[in-house]
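Topology and contacts: notes
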Amino acid sequence: MIGVIWVIQFQGVSKIYSNGVAALHDINIHIEKGEFAFLVGPSGAGKSTFMKLIIRKELPTSGQVLVGHKNLAKMKAGEVSLLRRNIGFIFQDFKLLPHKTVFENVSFALEVIEASKKDINRQVPAVLELVGLKDKANIFPSELSGGEQQRVSLARAIVNRPHLLLADEPTGNLDPETSWGLMDLLLEINKRGTTVIMSTHNKNIVDKLRRRVIALDSGRMIRDEQKGGYGFEN
Amino acid sequence: MIGVIWVIQFQGVSKIYSNGVAALHDINIHIEKGEFAFLVGPSGAGKSTFMKLIIRKELPTSGQVLVGHKNLAKMKAGEVSLLRRNIGFIFQDFKLLPHKTVFENVSFALEVIEASKKDINRQVPAVLELVGLKDKANIFPSELSGGEQQRVSLARAIVNRPHLLLADEPTGNLDPETSWGLMDLLLEINKRGTTVIMSTHNKNIVDKLRRRVIALDSGRMIRDEQKGGYGFEN
Amino acid sequence: MKIKTFWYFTKEASTGLARNGLMSLTAVITITLALIILGSFYIVVTNVNHFTEMAKGVLEIRVYLKEDADAVSLQNRMLSFDGVKEVKFVSKTEAANWLGKTLGIKELHNYLAADNPLPDMINIRLEDNVELKELTARLESLPGIDEVEYGKDFVESMLLVIQVIWVIGVSLVVIVGLVVLYIIVNTIRLTVFARRKEIEIMKLVGATDWFIRWPFMLEGIMLGMGGAILATIIISKGYHLLIAYVKELAPFIPLLSEHMVNGGLFWLVSLVGLAFGAIGSLMSIKKFLKV
Amino acid sequence: MKIKTFWYFTKEASTGLARNGLMSLTAVITITLALIILGSFYIVVTNVNHFTEMAKGVLEIRVYLKEDADAVSLQNRMLSFDGVKEVKFVSKTEAANWLGKTLGIKELHNYLAADNPLPDMINIRLEDNVELKELTARLESLPGIDEVEYGKDFVESMLLVIQVIWVIGVSLVVIVGLVVLYIIVNTIRLTVFARRKEIEIMKLVGATDWFIRWPFMLEGIMLGMGGAILATIIISKGYHLLIAYVKELAPFIPLLSEHMVNGGLFWLVSLVGLAFGAIGSLMSIKKFLKV
Ligand SMILES: Nc1ncnc2c1ncn2[C@@H]1O[C@H](COP(=O)(O)OP(=O)(O)OP(=O)(O)O)[C@@H](O)[C@H]1O
Ligand SMILES: Nc1ncnc2c1ncn2[C@@H]1O[C@H](COP(=O)(O)OP(=O)(O)OP(=O)(O)O)[C@@H](O)[C@H]1O
Ligand SMILES: [Mg+2]
Ligand SMILES: [Mg+2]
C-alpha cells in the first residue's frame, strides 16, 4: 500500500441497498491525494454510503470505486484489510469495541499492523492527549459521554497516520470549541499529506474554511465546488 | 401520573459514577411545567447525566431529584415505569430496538401503555409523517442513516404526548434545515404544555431562539439565564 | 392483562424468535439435543428396570418334603407368609423327569425312572421385598419339611444387584435430568445475554418488568416446546428402529414396547423443555431488568 | 506470526473471557455438563462391555466321551480348533460329586457314589468369535465322542445378546458424542453471536480474518479446556464414590477400577472439549467475517 497514490475515483457509481432503497445514483468524482473535501447534504442524502463504499463496507450496485487506481470490487480479502489499515475512519456511530478500554480501542489500530509495544506505548498516549482524553485511557466506551466517544473514534482513526482520513459527521456530538479543535487537527493532518474527506452538517465550519464541497441530495451529486460554502439555504 | 404537576427540582445533586468520575456537582435547579430550557456545555460537562437523572436511569450520589414533588430515589419499580411513560426521551445514542421495525419502535411507546390497536394505527403513521419517515416504516434501524435514526428516536419520544420531553443532542446528526424543522416541532409541543429540556451544541439554534439556557461546565452549573444565548465564546 | 396485550406478547415472542433466526435455531437445536439425551436415558433406565423386575420373578426357594408331608396344607400356610408370591408343588416323578431331561444323560434318566431317589418338593416364587433369613426360618419350622434350599449366595446377590442397579439408574436419570435442565437454562440465558441492551431500552421507554418478561418467557417456552417436540419425534423414531433391530437379531431381549415408553417420554421431555424454557428466560432476564 | 502477536492473541483471548465474565461462565458450565454426560456414558458403556466380556468367558460346551476314549489326545486336538479357548477334562467321579452336591439331595448323592452312570466329559471354553455350528460338527466327527452338548439356545442367545449390547453401546457413545459436540459448538456459537458487532468493527479497522479468528479460537479452546478439566474432575470423583458405594453394597458387581477408566476418560473429554471449543469458534465466526 505504501507508495500507492491515494487517488479516489467514483465512476458512474450507484448504490441500491438490498431493501430497495436507492442511496446513490450515478456518482462520478475524482479526489486527488492531499485534498480536503467536505461532503454535505440533507439527512439520508447518501453521505455515509459514499464513505462506506470507499472502505468497501458496501459494494456499488453498478459503476466502479477505485482507490489508488484499484477497483475495490475486485480486491481479495487480504487486500481489503491492507486498504483499511491505511484509511482512518471516524464512524458516525463511533463503532468502538465495548469490551476494550479507551486505550485498547485506539491501540487496536496499531495491533492489527503488528506495531511494536514501544510504538504503541508512545503513540497511543500521545494521540489521547491530543483529543483530550488522557485521563480516560483505562475506562470503557460505555462510561464515556457522547462527545468523548466521538473523540476516541477520532483518536483511533489518526493513530497510525493513515493515507486517507474519512470523517463521517465527526463534530455531531461536540461543542463548537471542541469542534474547532478537531478541525485544526484535521487540517494539520491534511497539511502533512493525508487526504481528508469529511461529511458534515456544520454550516459554520464549511462556510468558514472554504474548501472543496461535494453536495449530495437524494443520492445525486448536485454540486462539486472548490472553496465552496455549505449551501442548502432557503 | 396524570394530574401530577411536572415540576423538576434538583436539590444539591451530585453524581459520581462508580469509576470515580464526578459528572455533576451540587446542582440546584427548578424547572417549571411548560418551560423550554436549553442545556449547554462542552463535551463531558454532564448534560446527559443531568437528563439520565430525570428518568432515573442513574441515581444521584448525593442530593435529591424531584419530579412532580416526588423524590425519584424513593420510587418503587412500578412508579418508575409510570414516570418514564410520561417522559419522552430522545437519547443521544438513539437507543432504538434493533429487532423492531421503525413502525414497531415508535409503536412500542404506545404498546407499553396498552393503547388500542386503533390508536396505534392512527398515531404512529401520523408521527412518522411528521418526522419525514413515512416511507421507512417497515425497515429496521440498521438500514437507516444517522439522521433518520435520530428522527425515529424523536418520533418515539413524542408519539404518546408526554408531559415532559427530554431531548439529548437531538440535532447532532441532522442538517440545518431538518434541524429547524425539528425545532419547530419541539416548540409546537412545548406550546401545547409539554415541558421541554434540550441539550445541544447547536449555537445557532440557541442564540436564535432565546430561551432559558442552563450552562454546565465540568459538572458545575455556571449559568442559568432566561432568554440566554449559547455563550462559551472565546 | 388485557386479551389484546396477551396477543401482543405472543406476537412479540414469535417475531422475536423469527428475527433472531440463527440464534433461535441454534438454541432450539441445543435444547433438542439435550432432551434427546434425557429421553434416551429414560428409555435405557426404564428398560433396565423392567428387565431386573423380570429377573426378580425368576427367584425361587425350593422346599424338599418328608415322605409323609401334607403338601396341600403346607402350600396354603406358605402362601400366607410375607414375601411369598407363588407356590408350586413338584412331585418326585416330575422332578426326576425334569432332571433326567435337563442333564441329558440317558443313563441317569433310565435309572431315575426305575428307582426314584428324589423327594417331593414345593417351589416358592418370592416377592421383591422378601426378608430371606426370616422366611427360611419360618419355612423350616413347618411340619413335614426335610430341607429348605435356595442357593443362598445367588438369590441374595441377585436381590442386591437389582437394588444397586435401581439406585444407579434412578440417580443417573436425576443427574442427567438436572444436567439437561441446566443446559437448557444456560442456552436460553445466552440468547437473553445477546439481547440485554434491548431489555434496557424497553425499560427506559417505560415498560414494566412484566411487560418485558412475558414475551421473553413465551420465547423461552416456545424454544423449549420446539426442542421437546423435535426430541420426542427423534427419540421415538430412534426407539422404533432399535426395537426392530433387536427384534430381528435377538428377539428374546425383552425391550419395552413403544407405547409403554412413549407416554412417559413425552411428558418428561415436554415438561422439562417447557418448564425450563420459561424458567431459563425468567432467571436470565432478572439481572437486566434493573435499569 | 510474530511471537509478540501470539502473546497478544493469548492476552486478547483471556481478557475477552474475563470481560464477558457471566457469558463465559455460562458457557463453561454448559460445556462441563455436556462433557459430564459424555464421560458418564463412556464409563457406563465400558463397564457394560467389560461385563459382557466376562460373561462370554462363562460360555462352554460339554463333550461326553465314550468309555474307551483317549481323553488326552482328544483334548489336544480340540485345543487346535478355531474358537476353542480352553479345555478341561472332568472325570465321571468328579461329575458325580459335583452333581450330587449341587442338587443337594442326599439320596442321589449316595446312589451316584455307589454306581456311577455318568460318562467322562471334556468342558470347552469358547473364544468370543466362535462359529458354533461348525465347531460342533468338527467335535462330533472326533473319535470316541458320545455326545456334544452346549445348551444351544442359551449359548447362542448369550452371544447375540452380547453382540447387540455391544452395538447399542457403541452407537450410544457415538450418538451422545455427536450430541455433546454439537451442544458445545452451539454454546460457543451463542457466545460469538453476542459479539458479532465486535467482529465487524475489527474488520473495518483493518484486521485480517486470522487476526480476529485467533483470539476467538483461543477463547473457544480455553472454554473447552475449562469444561474438560471440570468434567474430568467431577466424573472421576463421582465414579470414585460409585465404586465405593457398590463395593460396600454389592462387592461382586465387577466394576472397572478407576485407573482403568480415568485414562480414556481424560483423553476423550479433553480432546472433545478442546477440539470442539476451537471448531465451534471457527465455524461461528466465519459468517461474521464477511464485512
Ligand atoms: N444498511 C442499509 N440498508 C438499507 N438502506 C440503507 C442502509 N444504510 C442507509 N440506507 C438508506 O440509504 C439512504 C442514504 O443513507 P446514508 O446513511 O448514506 O445517508 P446520510 O447522507 O449519511 O444521512 P445522515 O446525514 O442522516 O447520516 C437513506 O435513505 C438510508 O435509509
Ligand atoms: N456510565 C458512566 N460511567 C462512568 N462515567 C460516565 C458515565 N457516563 C458518563 N460518564 C462521565 O461523566 C461525565 C459527564 O458525562 P455526560 O455524558 O453527562 O456528558 P455530556 O455533557 O453529555 O457530554 P457530551 O456533550 O459529550 O455528550 C463525563 O466525564 C463522562 O466520562
Ligand atoms: Mg450518515
Ligand atoms: Mg451527552
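None of these values were measured; they are calculated from a predicted model.

1. Structural notes on the overall build of chain C
Scanning chain C for helices and strands turns up 10 helices and four strands. Counting helices and strands in the order they occur from the N terminus, chain C gives α-α-β-α-β-α-α-β-α-β-α-α-α-α. Compactness check: chain C gives a C-alpha radius of gyration of 30 Å against a globular reference of 19 Å for 291 residues, more than 25% above the reference. Within chain C, buried positions represent 51% of all 291 residues. Across chain C, contacts joining residues at least 24 apart in sequence account for 83% of those joining residues at least 6 apart. In the structure as shown, chain C presents an accessible area of about 13900 Å², 64% of it carried by carbon and sulfur atoms. The centroid of the 28 positive side-chain charges in chain C is displaced by 20 Å from the centroid of its 28 negative side-chain charges.

2. Concerning the interface of chain D and chain C
If you look at the interface, chain D gives 53 residues, while chain C gives 53 residues. Roughly 4700 Å² is buried in total at the junction of chain D and chain C, and carbon and sulfur atoms are behind 79% of that figure. Of all residues in chain D, T26, I37 and L190 of chain D bury the most surface against chain C, accounting for 11% of the area lost on that side. The interface formed by chain D and chain C holds zero salt bridges in total. Our count for the chain D to chain C interface comes out at four residue pairs in polar contact (both at pLDDT 80 or more). If you list the elements that add at least two residues to the side of chain D that touches chain C, you get helix 2 (21-56), helix 4 (92-103), helix 5 (106-114), strand 4 (145-149), helix 7 (152-193) and helix 9 (209-249) of chain D. Examining the composition of the side of chain D that touches chain C, we find that 18 residues originate from one element, helix 7 of chain D, more than from any other. In terms of residue class, the side of chain D that touches chain C is made up of 38 nonpolar, nine polar and six charged.

3. Thoughts on the domain arrangement of chain C
By convention, interface size is frequently given as the accessible area that disappears when the constituent parts associate. As far as domains go, chain C holds domain 1 (3-55 + 156-289) and domain 2 (60-150). If you average the C-alpha positions of domain 1 of chain C and of domain 2 of chain C, the two centres end up 52 Å apart.

4. Section: the sheet that holds strand 4 (residues 145-149) of chain C
Working definition: the strands of a sheet are paired by backbone hydrogen bonds and lie parallel or antiparallel to each other. Residue and element names in this part refer to chain C. Pairing within the open sheet is antiparallel, and its four strands lie in the order 2-3-1-4. Two strands in the sheet have a free side with no partner beyond their single neighbour: strand 2 (84-90) and strand 4. The mean inter-strand angle of the sheet, taken between neighbouring strand axes irrespective of direction, is 20°. Pairing analysis gives five bridges linking strand 1 (residues 60-65) to strand 3 (residues 121-126), with the strands arranged antiparallel. Bridge assignment links Y64 to a residue of strand 3, and that residue is M121. Packed onto the sheet, helix 3 (residues 71-79) meets strand 1, strand 2, strand 3 and strand 4 and runs at close to 165° relative to strand 2.

5. Quick look at the side chain of N20 of chain C
Checked against the element boundaries, N20 of chain C lands in the loop between helix 1 (3-19) and helix 2 (21-56). Apart from the residues lying within four places of it in its own chain, the contact partners of N20 of chain C are H99 of chain B together with R195 of chain C.

6. Things to note about the interface of chain B and chain C
Counting residues at the interface gives 25 residues for chain B, matched by 19 residues for chain C. Across the interface of chain B and chain C, roughly 2200 Å² is buried in total on both sides, 57% from carbon and sulfur atoms. Area buried by chain B at its contact with chain C is led by R84, H99 and E114 of chain B, which between them contribute 29% of it. Seen at the junction of chain B and chain C, the total is four salt bridges. Put simply, E200 of chain C and K57 of chain B hold a salt bridge, and the shortest N to O gap is 3.2 Å. Across the chain B-chain C interface, the total number found is nine residue pairs in polar contact (both at pLDDT 80 or more). Of all the elements in the fold, those that place two or more residues in the side of chain B that touches chain C are helix 2 (77-85), helix 3 (102-111) and helix 4 (117-130) of chain B. Considering every element that reaches the side of chain B that touches chain C, the biggest residue donor is helix 3 of chain B, with four residues. Partitioned by chemical class, the residues of the side of chain B that touches chain C number 11 nonpolar, four polar and 10 charged.

7. Some points on helix 6 (residues 132-140) of chain D
Residue and element names in this part refer to chain D. Residues of helix 6 that are buried: L132, L135, T136 and L139. All buried residues of helix 6 fall inside an arc of 100° around its axis, so they share one side. For helix 6, the exposed residues lying more than 90 degrees away from the buried face are K133 and E134.

8. So, the packing of aromatic side chains
Taken as a whole, this structure holds 27 aromatic pairs over all chains when the rule is applied. Taking the centre distance of 6.1 Å and the plane angle of 65° together, the rings of F6 of chain C and W7 of chain C count as edge-to-face. Note on F6 of chain C: relative accessible area 34%, which makes it partly exposed. An aromatic cluster of at least three residues, connected via ring pairs, comprises F108 of chain A together with F6, W7, Y8, F9, W210, F211 and W214 of chain D.

9. Overview of the coordination of the magnesium ion (ligand 3)
Residue and element names in this part refer to chain A. Summarising the metal site, the magnesium ion (ligand 3) is bound by the protein donors S48 (OG) and Q92 (OE1), whose distances to it range over 1.9 to 2.2 Å. Of this pair, S48 sits in helix 1 (residues 47-54) while Q92 sits in the loop between strand 6 (87-90) and helix 3 (102-111), and the two are 44 residues apart along the sequence. When its relative accessible area of 14% is taken as the criterion, S48 is described as buried.

10. Some thoughts on the pattern of salt bridges
Within this structure, the stated rule accounts for 36 salt bridges over all chains. Of the charged contacts in the structure, one is a salt bridge between K100 of chain A and E12 of chain D, with a shortest N-O distance of 2.6 Å. Here K100 of chain A is found in the loop between strand 6 and helix 3, whereas its partner E12 of chain D is found in helix 1 (residues 3-19) on a different chain. Across this residue pair, the class does not change: K100 of chain A and E12 of chain D are buried. Here the residues in one salt-bridge network are K57, D93 and K95 of chain A together with E200 of chain D, joined through shared partners.

11. Some points on the pairing of strand 3 (residues 121-126) of chain D
Residue and element names in this part refer to chain D. Along strand 3, five of the six residues are buried, which leaves the element largely enclosed by surrounding structure. Across six bridges, strand 2 (residues 84-90) lies against strand 3 in antiparallel orientation. Its bridge partner being in strand 3, V90 is matched across the sheet by M121.

12. Details of the site of ligand 2
Taken together, 21 residues lie around ligand 2, and K136, S145, G147 and E148 of chain A together with T49 of chain B are the ones closest in. Per-site note: the chains with residues close to ligand 2 are chains A and B. G146 of chain A is positioned such that a nitrogen or oxygen atom in its backbone is 3.3 Å from an oxygen atom of ligand 2. Within the backbone of G147 of chain A, one N or O atom sits 2.7 Å away from an oxygen atom of ligand 2. Alone, ligand 2 offers 640 Å² of accessible surface; in the complex the protein occludes 94% of this. Those elements giving two or more residues to the shell around ligand 2 turn out to be helix 5 (146-158) of chain A together with helix 1 (47-54) of chain B. Residues belonging to the shell around ligand 2 are distributed by class as follows: five nonpolar, 12 polar and four charged.

Procedures and definitions
- Position labels on residues start from 1 in each chain and follow its written sequence.
- Starting at A for chains and at 1 for ligands, labels are handed out in the order in which the entities are written.
- It should be noted that, the model being predicted, local features are given only for residues of pLDDT at least 70 and side-chain atom pairs only at 80 or more, the latter also being counted only at that level, while totals for whole chains, interfaces and linings use all residues.
- Excluded from the side-chain calculations are hydrogens and water; all other atoms, namely the structure's heavy atoms, are used.
- Counting from the N terminus, the helices are DSSP H or I runs at least four residues long and the strands are E runs at least two residues long.
- For a compact globule the rule gives 2.2 Å times the number of residues to the power 0.38, and the radius of gyration it is set against comes from C-alpha atoms.
- Working definition: with a 1.4 Å probe on protein chains only, accessible area under 20% of the residue-type maximum means buried, over 50% means exposed, and in between means partly exposed.
- Contacts: residue pairs with any heavy atoms within 4.5 Å of one another.
- We get accessible surface area from the Shrake-Rupley algorithm with a probe of 1.4 Å; when it comes to residues, only the shown protein chains can shield them.
- The sign given to each residue is positive for Lys and Arg and negative for Asp and Glu; His and the chain ends receive no count.
- For this purpose, a charge sits on NZ of Lys, CZ of Arg, CG of Asp or CD of Glu.
- Here the quantity called buried area is the accessible surface, traced with a 1.4 Å probe, that two parts lose on coming together, added over both.
- A carboxyl oxygen of Asp or Glu within 4 Å of a side-chain nitrogen of Lys or Arg is what we treat as a salt bridge.
- Whenever two N or O atoms come within 3.5 Å, that pair is a polar contact, provided that in protein one can donate a hydrogen and the other can accept it, and provided that, for residues adjacent in sequence, both atoms are side-chain atoms.
- Each residue receives one of three labels: charged for Asp, Glu, Lys and Arg, nonpolar for Ala, Val, Leu, Ile, Met, Phe, Trp, Tyr, Cys and Pro, and polar for the others, Gly being one of them.
- An automatic or database domain assignment provides the domain bounds reported here.
- Each pair of strands is called paired provided DSSP finds at least two bridges between the two strands.
- Between N-to-C directions, angles span 0 to 180 degrees; the directions come from axes that are lines fitted to C-alpha atoms, helices contributing only their stretch in contact.
- Arc definition: directions from the helix axis to the C-beta atoms.
- Two rings from Phe, Tyr or Trp (for Trp, the six-membered ring) form a pair when their centres sit within 6.5 Å of each other. Planes less than 30 degrees apart are called stacked, planes more than 60 degrees apart edge-to-face, and all others tilted.
- Each metal's donors are the N, O and S atoms within 2.8 Å of it, or within 3.2 Å when it is Na, K or Ca, and because water is not part of the set, sites may look incomplete.
- Near is defined per residue: the residue qualifies when any heavy atom it owns lies within 4 Å of the molecule or strand.

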